Amino acid sequence: PKITCNEEGEVSEINIISNNQSGTLPESLGGLMALERLNLRSGSITGPLPDSICRHLTNLTYLTIADHDITGKIPDELDSLTKLRVLQLQENRLEGNIPSLDNLPLLNWITLHDNQLSGQIPPLDALVSLNSLHL
């Protein structure tokens, strides 16, 4: 596991891969206002994505929560993460529609495969930086 802080001592990166993560993601995660990179891969995290991630972590550039058992919908507030460049939520149990991504012009990598997503793919016209799309 790797947790990095910026010069002000605030958490700016959480990088935990294949470390037997379990439990649920706490709403308090949204309190890490300086967080730029959240990378949680290969574990047993369950439950929904907390809305606080999308409402409060507006400095996020990299959001990866992959190969877990995350359930529920991708929060509609995802499009408030206007600095986001990488979105990887693959290999979970997410369901419902993919929310609007119109406010994410810097997004260049989207990976959402191996979920139970349904409905139409939202318009991607505003994603002028998009290089990779895996649904």
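Because the structure is a prediction, the values reported are computed rather than measured.

Draft legend 1. Here's a closer look at the environment of Leu29. If you trace the backbone, Leu29 turns up in the loop between strand S3 (22-24) and strand S4 (37-41). Along the sequence, Leu29 and Gly47 sit 18 residues apart, while their C-alpha atoms lie 14 Å from each other. With near-sequence residues (within four places) excluded, Leu29 lies in contact with Ile14, Leu38, Ile53 and Leu57.

Draft legend 2. Up close: the pattern of salt bridges. All told, the structure shown has three salt bridges when counted by the stated rule. For Glu13, the salt bridge identified is with Arg37, shortest N-O distance 3.8 Å. Of this pair, Glu13 sits in strand S2 (residues 11-17) while Arg37 sits in strand S4, placing them 24 residues apart in sequence. You can call Arg37 partly exposed: its relative accessible area is 33%. For the salt bridge of Arg93 with Asp69, the shortest nitrogen-to-oxygen distance reads 3.8 Å. You can see Arg93 sitting in strand S9 (residues 93-96) and its partner Asp69 sitting in strand S7 (residues 69-72), a full 24 residues away along the chain. Classification of Asp69 by relative accessible area gives partly exposed; the value is 30%.

Basis of the calculations
Residues numbered from 1 in each chain as written. Predicted model: local features only at pLDDT ≥ 70, side-chain atom pairs only at ≥ 80, totals over all residues. Heavy atoms only, no water. Helix = DSSP H or I, 4+ residues; strand = E, 2+ residues; numbered from the N terminus. Contact = heavy atoms within 4.5 Å. Salt bridge = Lys/Arg side-chain N within 4 Å of Asp/Glu carboxyl O. Buried < 20%, exposed > 50% of the residue type's maximum accessible area, 1.4 Å probe, protein only.

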